[in-house]
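Structural overview
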Amino acid sequence: MSSCGCGNTPTTDDNGAVGAVGTAMPPGGEDLLDSGSSELVECRVMPGSVIEKTRAEAEGLFRDYEGNRYWFCCKGCGPRFDANPRKYANAS
């Protein structure tokens, strides 16, 4: 599996399921998505990468699809989302 171009490389388990991204959270790091902040979201293309919504919007790192907004961790994720938006919109 290749990365989106941001330098993070996704990992997969024995069943091929995508897991945490390379160095998205260092050992002992705080899981910011559990902090309750609605300003932080996880990139749908590169799971494990946390994005601040306002920064992503300022940099154009988002797409609107079927009435929902999706934020990305880097410029490489937008084109990947565009190629198959349903795949990433349905990712949990």
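Before any of the text, the structure's been laid out above.
Points about the environment of asparagine 90
By secondary structure assignment, the location of asparagine 90 is in the segment after α3 (85-89). For the pair formed by asparagine 90 and arginine 44, sequence separation is 46 residues and the distance between their alpha carbons is 8.9 Å.

With respect to the pattern of salt bridges
Throughout the structure, instances matching the rule amount to 5 salt bridges. The partner of arginine 55 in a salt bridge is glutamate 59, and the shortest N-O contact between them spans 3.0 Å. The exposure class assigned to arginine 55 is partly exposed, which follows from its relative accessible area of 34%. For arginine 63, the salt bridge identified is with aspartate 82, shortest N-O distance 2.8 Å.

A look at the pairing of strand β6 (residues 68-71)
Looking at chain direction, strand β5 (residues 62-65) and β6 are connected through 4 bridges and run antiparallel. Looking across to β6, one finds that aspartate 64 is bridged to arginine 69. A loop of 2 residues connects β5 with β6, the two strands running antiparallel in sequence, and glutamate 66 in this loop sits at a positive phi of about 50 degrees.

Criteria and cut-off values
Residues numbered from 1 in each chain as written. Predicted model: local features only at pLDDT ≥ 70, side-chain atom pairs only at ≥ 80, totals over all residues. Heavy atoms only, no water. Helix = DSSP H or I, 4+ residues; strand = E, 2+ residues; numbered from the N terminus. Salt bridge = Lys/Arg side-chain N within 4 Å of Asp/Glu carboxyl O. Buried < 20%, exposed > 50% of the residue type's maximum accessible area, 1.4 Å probe, protein only. Pairing = 2+ DSSP bridges.

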